[in-house]
Amino acid sequence: MLDLLHTTKTHDETRQGEAVELAPTGKADGRKLYIESYGCQMNFSDSEIVASILIDQGYETTKDYKQADVVFINTCSIRENAEQRVRNRLKEFEAVKAKNPGLVVGVLGCMAERLKSKFLEEEKLVDVVVGPDAYRDLPNLINKVEDGNKAVNVLLSREETYADISPVRLNSNGVSAFISIMRGCDNMCSFCVVPFTRGRERSRDYASIVKEAQDLYNAGYREVTLLGQNVDSYKYTPKVEEGNDPLPTVNFANLLELVAQVSPELRIRFSTSHPKDITDEVLYTMAKYENICKYIHLPVQSGNSRVLELMNRTYDRQWYMGRVDAIKRIMPDCAISTDIITGFCTETEEEHAETLSMMDYVKYDFAYMFAYSERPGTLAAKRYQDDIPEEIKKRRLTEVVNKQQIHSLERITQYVGKVHKVLIEGFSKRSDKDYCGRNDQNTMVVFPVDARFKVGDYVHVLGESCTSATLIGKIID
Ligand code: 5AD
Ligand code: SF4
């Protein structure tokens, strides 16, 4: 029996996973890997690829870093505090390395890409630095370290999608899984470090995506989330075999449809949509399939057109409102969530007020909200002064957070008294007498366990009461 677990942090939340049995197969038989992930869902998905690569070499995974031969930390650079958290965590590994000098400590992901070999100078503890496109090189890099060298590979690729690697489902509930459909980002939002850390945008072969969804379904999974920095620009043109006719290019709407057809019992979610790219075709495809969940994460960042232009978002307030109108027209029951940044360079009080009024217009179900944090190397860092004092950024953030709390409660209150189709994901965090799962709109629903139903089943739940984040109800099937 093998413990497969890593700590997951999704937007400041920490979760822990379950044990999974896996057989080591390769030459590193029995060596133990501990991997911990920070940042976006894409990073968690990448950790599953990393685990798969090393398990192929014979590694086992462990949930206890003190037992590990190799400790990896898959990092995020999106805001300064994300990087600070990683540095603090590395300090905690120091004591373990002191006791076990053979321990290999690796930094993966966005911070590795951003800081490159500088990381090795700044953090003496670190032996390996590997960027998001170089994970296939990990076995080789670990060998280098074991020969007494430090090892770095931060090459970005225009092709790598890890399409042929079957991710090991870390931290899985056996019901929901992520499928990475593309990598990188070509958008160049001025605040954002991602284009520098994850490189150019490239889409993964749709056939491998559909196969992964089918395999997951066959293994009992009932929900997949398709991941990309900008899923709406997914585009894959199959390579033509000699003598064959060319196959048509597959766009995101086509891909959604293909994955939805795997089974009506497989729920499809996706993230992240870009307001400039989300098409009516995508919205109509969502409306057409009951199993494509009615939930869109549509980051607005700011409600003011001048700030949006400085952010290089390539849409304005009117355009964004038009997209929201289209969503509500085509799918009146669709939930919408967003990301908001307060205190971007030169933002005035009036411009901030337009973000608040945008929130009133959309009434988001959920929002991730941040104070602007200047990132070295970004367009904003080069072009604009980070001139909004920290206390003003924070005050504006508090206003945004307070408003969102009211809207979240308003939206969830509307779900009380209604019946929701819920996929049972597991037991509630608070009590094993309750199940939890999400409705179509991605709201967490908690309800008493009913012995007729198990994890992975769909049930109909009547909403009876709520908090601002959870609907509480009972099964009525
Ligand atoms: N400062 C603050 N928030 C940022 N985000 C991205 N870059 C920054 C930054 N420099 C936020 C955006 C993005 C989300 C993932 O993180 O809102 O959509
Ligand atoms: Fe963080 Fe962005 Fe990298 Fe994800 S892609 S880990 S959010 S910097």
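Conventions used here
- Residues numbered from 1 in each chain as written.
- Chains lettered and ligands numbered in written order.
- Predicted model: local features only at pLDDT ≥ 70, side-chain atom pairs only at ≥ 80, totals over all residues.
- Heavy atoms only, no water.
- Pairing = 2+ DSSP bridges.
- Helix = DSSP H or I, 4+ residues; strand = E, 2+ residues; numbered from the N terminus.
- Axes fitted to C-alpha atoms, helices over the stretch in contact; angles between N-to-C directions.
- Contact = heavy atoms within 4.5 Å.
- Near = heavy atom within 4 Å.
- Polar contact = N/O pair within 3.5 Å; in protein donor to acceptor, adjacent residues only side chain to side chain.
- Nonpolar A, V, L, I, M, F, W, Y, C, P; charged D, E, K, R; others polar.
- 1 Å grid on protein atoms, 1.4 Å probe; cavity = no way out; pocket = protein on both sides within 12 Å on 5 of 7 lines; lining within 4 Å.
- Points joined across faces, edges and corners; volume = space filled by probe spheres on them.
- Phe/Tyr/Trp six-rings, centres within 6.5 Å; stacked < 30°, edge-to-face > 60°.
- Buried < 20%, exposed > 50% of the residue type's maximum accessible area, 1.4 Å probe, protein only.
- Domains from an automatic or database assignment.
- Buried area = accessible area lost by both parts, 1.4 Å probe.
- Salt bridge = Lys/Arg side-chain N within 4 Å of Asp/Glu carboxyl O.
- UniProt positions renumbered as here; feature names shortened; annotations may be inferred.

(A) Molecular detail of the sheet that holds strand β15 (residues 267-271). Within the open sheet, the three strands sit side by side as β9-β12-β15. Their pairing is parallel. Where the open sheet ends on each side, the last strands, each with one partner, are β9 (176-180) and β15. The mean inter-strand angle of the sheet, taken between neighbouring strand axes irrespective of direction, is 25°. Relative to β15, strand β12 (residues 223-227) is paired through five bridges, and the arrangement is parallel. Considered in β15, the bridge of Leu227 is made with Ser271. Sheet contacts for helix α7 (residues 206-218): β9 and β12; angle to β9, the most-contacted strand, approximately 170°.

(B) Looking closely at the site of ligand 1. Around ligand 1, a shell composed of Ile78, Arg79, Phe191, Gln301, Asp339, Ile341, Phe370, Ala371, Tyr372, Ser373 and Arg375 is seen. The backbone of Phe191 places a nitrogen or oxygen atom 3.1 Å from a nitrogen atom of ligand 1. Measuring from an oxygen atom of ligand 1, one finds a side-chain N or O atom of Gln301 at 2.7 Å. Among the elements of the structure, β17 (335-342) and β18 (366-371) are those that each provide at least two residues to the shell around ligand 1. Grouping the constituent residues of the shell around ligand 1 by class yields six nonpolar, two polar and three charged.

(C) Representation of empty space enclosed by the protein within the structure. As enumerated under the stated definition, the model contains one cavity of 30 Å³ or more in all. Computed from the structure, the largest cavity encloses a volume of approximately 40 Å³. Taken together, Ile49, Thr161, Tyr162, Ile165, Pro167, Ser180 and Arg204 make up the full set of residues lining the largest cavity. For the lining of the largest cavity, a count of residues per class yields four nonpolar, two polar and one charged.

(D) Up close: the packing of aromatic side chains. Summed over the entire model, instances satisfying the criterion amount to 12 aromatic pairs. Taken together, a centroid distance of 5.2 Å and an interplanar angle of 75° make the contact between Phe252 and Phe270 edge-to-face. Of the two residues, Phe252 is situated in helix α8 (residues 252-260) and Phe270 in strand β15; the sequence distance between them amounts to 18 residues. A single burial state applies to Phe252 and to Phe270, both of which are buried. Among the aromatic residues, those joined into a cluster by ring pairs are Phe191, Phe344, Tyr372 and Tyr384.

(E) View of the domain arrangement of the protein. Assigned domains within the protein: domain 1 (14-153), domain 2 (176-413) and domain 3 (419-476). Of note, the centres of domain 2 and domain 3, computed from C-alpha atoms alone, are 26 Å apart. Each side of the interface is counted separately: domain 2 has 19 residues, and domain 3 has 18 residues. Buried area between domain 2 and domain 3, summed over both chains or domains, comes out near 1,500 Å², and the portion from carbon and sulfur atoms is 49%. Counting across the interface, domain 2 meets domain 3 through two salt bridges. In this structure, Arg438 and Glu223 form a salt bridge, with 2.7 Å as the shortest nitrogen-oxygen distance. Put simply, domain 2 and domain 3 have 10 residue pairs in polar contact (both at pLDDT 80 or more) between them. For the side of domain 2 that touches domain 3, the elements supplying multiple residues, two or more each, are β15 and α14 (390-413). Considering each element in turn, the side of domain 2 that touches domain 3 owes the most residues, five residues, to α14. Of the residues contributing to the side of domain 2 that touches domain 3, the split by class is seven nonpolar, four polar and eight charged.

(F) Main features of the UniProt feature "binding site: [4Fe-4S] cluster 2" (unreviewed entry) in the protein. This chain's UniProt record puts "binding site: [4Fe-4S] cluster 2" (unreviewed entry) on Cys185, Cys189 and Cys192. With respect to the helices, strands and loops of the structure, Cys185 is situated in the loop between β10 (182-183) and α6 (194-198). Since its relative accessible area comes to 10%, Cys185 is described here as buried. What Cys185 contacts, discounting residues up to four positions off in sequence, is Val194, Pro195, Gly199, Arg200, Glu201 and Gln229. Assignment of secondary structure puts Cys189 in the loop between β10 and α6.

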